[in-house]
Amino acid sequence: MTDKKFLPFSIPYIGDEEISEVIDTLRSGWLTTGPKVKQFENDFQRYLSTKITPVAVNSATAGLHLALEALNIGPGDEVIVPTYTFTATAGVVRYLGAEVVLVDIDPKTLNIDPTVIEGAITPRTRALIPVHFAGLACDMEAIMELAGQHGLKVIEDAAHALPSTRNKKLIGTLKTDATVFSFYANKTMTTGEGGMIIPNNAKIAQRCRLMRLHGINRDVFSRYVSDKPEWYYDVVELGYKYNMTDIAAAIGIHQLRRIKAFHERREVIANRYLKAFSDLPLILPALPTNGDKHAWHLYVIQLKDKVKMSRDTFIEKMKQEGIGCSVHFIPLHLHPYWRNRYGLNKEDYPFAQAAFQRAVSLPLYYRMSDCDVDRVIDTVYKVMA
Ligand SMILES: *Cc1c(COP(=O)(O)O)cnc(C)c1O
């Protein structure tokens, strides 16, 4: 253990503006979904330049659930999900009684492999949930072509992908059925907990708005507002409790304004890692082609086979030197719930399995100083020496 301060794997940046806006919200008397959520949604719409106003929710998990629900995914349906992701991507499919079909990844990008999707499609397949792993956009042209051929819905898990681009278009503006961003504390911007659904059309948007708050139909309410008392409302569906609070939105409004600065800093750090580690026996993250943006939510290195040290030992040594690391992801096929439900074997996912065994996520966030970055680089060299 060194005498230096421990460098955590991730710490969010919260500025004075976020703090003032939260205090303003607390003093306003309106804490739950209200004017700040409205503003956050409008700001987000302006940022993406979308026709439809996005729908703020209390997590990306809630957002993915609502998006699938709005697309009528239910019992008897199958949804294709990469195994190399967080459990939420697949969990939401099960919430609706549909079944998850896990597929392997492309070993270069660690994203879902469009060439294995085709083999996983059955007459029951209804949707695909590509995950833009670490912030590198998936091959959306191939995915959309397959979806078109087989009549499948596409819901992007964009928890890592703000701001990523594919063919110079921001994720969230491609013609998929819905895109969902996460504002969890360690993501590229945060509201503490939160998420945003980017629906492709007004019908999906309206359904998500209805279902995020108990299935209470505000349109019906406002239409009859003249002849109904103020306390009246209609519950028209069995909805959920997924609305974002104004406290969370107060943070989000200012985080969104910083997204460019956040991204520029992440890019600088990623480029420094890229340069510093090019001589080491490491597989470095794939870069976007033709000048697209990588959001750099994560910087995942993989220890090459010739490194005679396990991934676990590497992380333990980094920790002893005062650097926090993590692993993204423990593939879903290794978790008891998913493994047992579908009788999965690790041999069926060779690329996700290999990536998992060698993957280490290094610290990468706005608050890291140049000294912190130097320290991570020096420590990686020391640990690998
Ligand atoms: C973080 C994450 C989620 C879930 O986001 P929440 O906002 O915490 O619900 C979903 N998918 C992926 C890939 C994630 O990393």
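Structure report, in brief.

**Some words on the overall build of the protein chain**
- Of regular secondary structure, the protein chain possesses 14 helices and 12 strands.
- Its C-alpha atoms give the protein chain a radius of gyration of 22 Å, near enough to 21 Å, the size a compact globule of 385 residues would have.
- Within the span of the protein chain, comprising 385 residues, buried residues form 56% of the whole.
- Roughly 17400 Å² of accessible area belongs to the protein chain as shown, and the carbon and sulfur atoms make up 53% of that amount.
- The centroid of the 46 positive side-chain charges in the protein chain is displaced by 1 Å from the centroid of its 43 negative side-chain charges.

**Concerning a nonpolar patch on the surface**
- A surface patch of nonpolar side chains, about 230 Å² in accessible area, is lined by I14, I19 and I23.
- Exposure remark for I23: the relative accessible area of 38% places this residue in the partly exposed category.

**Some words on the sheet that holds strand 5 (residues 153–157)**
- The strand order across the open sheet built from seven strands is 1-9-8-5-4-2-3, with neighbouring strands paired in mixed fashion. The open sheet has two edge strands, strand 1 (55–57) and strand 3 (99–103), and neither has a second partner. The mean inter-strand angle of the sheet, taken between neighbouring strand axes irrespective of direction, is 25 degrees.
- Where strand 4 (residues 125–128) meets strand 5, two bridges bridge the pair, whose relative direction is parallel. Paired with L128 across the strands is V154, a residue of strand 5.
- Of the strands in this sheet, strand 1, strand 5, strand 8 (178–182) and strand 9 (195–199) are in contact with helix 3 (residues 60–70), which crosses strand 8 at around 165 degrees.

**Considering empty space enclosed by the protein**
- Going through the model one piece at a time under the given rule, you end up with two cavities of 30 Å³ or more.
- Considering only enclosed or pocket space, the largest cavity measures out at about 190 Å³ in volume.
- As for the largest cavity, its lining consists of 21 residues, of which I11, N186, K187, R266 and Y365 are closest to the centre.
- Across the lining of the largest cavity, the residue classes break down as 12 nonpolar, six polar and three charged.

**A word on the site of the ligand**
- Taken together, 16 residues form the shell around the ligand, and within it T61, D157, H160, S182 and K187 come nearest.
- Between an oxygen atom of the ligand and a side-chain N or O atom of H160, the distance comes to 2.7 Å.
- Residue K187 places a side-chain N or O atom 3.2 Å away from an oxygen atom belonging to the ligand.
- Taking 380 Å² as the accessible area of the ligand by itself, protein coverage stands at 93%.
- Comparing atom positions with the cavity grids shows the ligand to sit within the second largest pocket.
- Across the shell around the ligand, the residue classes tally to seven nonpolar, seven polar and two charged.

Thresholds, definitions, all that
- Residues numbered from 1 in each chain as written.
- Predicted model: local features only at pLDDT ≥ 70, side-chain atom pairs only at ≥ 80, totals over all residues.
- Heavy atoms only, no water.
- Helix = DSSP H or I, 4+ residues; strand = E, 2+ residues; numbered from the N terminus.
- Rg over C-alpha atoms; globule rule 2.2 N^0.38 Å.
- Buried < 20%, exposed > 50% of the residue type's maximum accessible area, 1.4 Å probe, protein only.
- Areas by Shrake-Rupley, 256 points an atom, 1.4 Å probe, with all protein chains shown as cover.
- Lys, Arg positive; Asp, Glu negative; His and termini not counted.
- Charge placed at Lys NZ, Arg CZ, Asp CG, Glu CD.
- Patch = residues over 30% accessible without salt bridge, like charges linked within 9 Å, V, L, I, M, F, W, Y side chains within 5 Å.
- Salt bridge = Lys/Arg side-chain N within 4 Å of Asp/Glu carboxyl O.
- Pairing = 2+ DSSP bridges.
- Axes fitted to C-alpha atoms, helices over the stretch in contact; angles between N-to-C directions.
- Contact = heavy atoms within 4.5 Å.
- 1 Å grid on protein atoms, 1.4 Å probe; cavity = no way out; pocket = protein on both sides within 12 Å on 5 of 7 lines; lining within 4 Å.
- Points joined across faces, edges and corners; volume = space filled by probe spheres on them.
- Nonpolar A, V, L, I, M, F, W, Y, C, P; charged D, E, K, R; others polar.
- Near = heavy atom within 4 Å.
- Polar contact = N/O pair within 3.5 Å; in protein donor to acceptor, adjacent residues only side chain to side chain.
- Sits in = over half its atoms within 2 Å of the grid points.

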